[in-house]
Amino acid sequence: MKRKDTIINILIFVVIVGGALVYRYMQSVVPYWQCSEVYKRYHKVEGVRATYVKNYPVNDTLTIGVTLLEATDSAGWEYLLEAFNIPHELTEIEDIDVWTWQALRNHPEERYNSMVDDRQVEKSDLEIVSISTKDQEICIFHTRNEQERSTIFSKKIEANI
Amino acid sequence: MESKEERKPTVEEMFEAYRQYRQRLEERIEQGPGIEVDFSALPSNRRVVWTNKIRTTVSAAIVAGVLILPTIGSEANACVLNQGADKVGTVEAVECMIQNL
């Protein structure tokens, strides 16, 4: 009886404390199923380091999801350029390091320009994609509406004042 | 020869044995030089078992509370990354990207 009670007591302790540890860990890490589609597509690609940021604070009131794709070697960079339909000539322009465009949700390689595009796209389905040819990385801001996109650009303006 | 089956005593048997032991002890104390023992302070066997369980549960709950409490309402959840990510480097890269949009 005494041994059985000891085992039960140990199990109770381990289950409660173990559950708390799991909860604590879950709060500090984004589980795979919550990461963006773009992250899931690129996180296993050789030469590309994919990172998903949940609730990146743009300002005091706005947080958005961000996916960052970094090329860790030249092969990874070539892969990204090809996947995102980016011509090599763009990377050779010295004066401009960062290029930005709007793209369809979960398809950052499909640029969207409302001035010339005939497709009927909801504004809530657009995200901001930015590529830095100098740092060889691509950043996708998973915005949900026009206001969030404006806020991000406002932050850029504030930072440069 | 009959083989003896070993059987664990039940709680009732243990109680009865303990009761008889107490009774003998009390009789000896009555005969002895006035030693006083407060038997009512001794816990019953079942109470000891449940007291241990409650003590273990409460201890575990306190440890769990210490682990969980810092995450409640804190800014720690404000910016969370996937497993294995370099948080500082990533946040810096994103910030730099925003400034250069």
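Above this text is the structure in question.
All values derive from a computational prediction rather than experimental measurement.

How would you explain the sheet that holds strand β5 (residues 107–112) of chain A if you had to name every residue and give the values?
Taking strand neighbours across the sheet as the criterion, the eight strands line up as β1(A)-β1(B)-β2(A)-β3(A)-β7(A)-β6(A)-β4(A)-β5(A) in an open arrangement whose pairing is mixed. Each having just a single partner strand, β1 (29–30) and β5 of chain A make up the two edges of the open sheet. Bridge count between strand β2 (residues 48–57) of chain A and strand β1 (residues 80–82) of chain B: two bridges; the pairing is antiparallel. Counterpart to Lys54 of chain A in the pairing with β1 of chain B is Val80 of chain B. Where helix α3 (residues 74–83) of chain A meets the sheet, its contacts fall on β2, β3 (63–71), β5, β6 (126–132) and β7 (137–142) of chain A, and the angle it forms with β3 of chain A comes to roughly 125°.

So what's going on with the environment of Pro108 of chain A? Which residues, and what values?
Residue and element names in this part refer to chain A. Summarising the element assignment, Pro108 is placed in strand β5. Taking C-alpha positions, Pro108 is 9.7 Å from Phe141, a pair spaced 33 residues apart along the chain. With near-sequence residues (within four places) excluded, Pro108 lies in contact with Val38, Arg41, Phe84, Trp101, Ala103, Val129 and Ile140.

Please give an account of the interface of chain B and chain A that cites residues and values.
Counting from both sides, the interface comprises 33 residues of chain B and, opposite them, 45 residues of chain A. Roughly 3,400 Å² of surface becomes buried between chain B and chain A when both sides are summed, with 68% attributable to carbon and sulfur atoms. Our count for the contact surface shared by chain B and chain A stands at six residue pairs in polar contact (both at pLDDT 80 or more). Within the residue set of the side of chain B that touches chain A, elements represented by two or more residues are α2 (45–68), β1 and α3 (87–99) of chain B. Class assignment for the residues of the side of chain B that touches chain A results in 19 nonpolar, 11 polar and three charged.

Basis of the calculations
Residues numbered from 1 in each chain as written. Chains lettered and ligands numbered in written order. Predicted model: local features only at pLDDT ≥ 70, side-chain atom pairs only at ≥ 80, totals over all residues. Heavy atoms only, no water. Pairing = 2+ DSSP bridges. Helix = DSSP H or I, 4+ residues; strand = E, 2+ residues; numbered from the N terminus. Contact = heavy atoms within 4.5 Å. Axes fitted to C-alpha atoms, helices over the stretch in contact; angles between N-to-C directions. Buried area = accessible area lost by both parts, 1.4 Å probe. Polar contact = N/O pair within 3.5 Å; in protein donor to acceptor, adjacent residues only side chain to side chain. Nonpolar A, V, L, I, M, F, W, Y, C, P; charged D, E, K, R; others polar.

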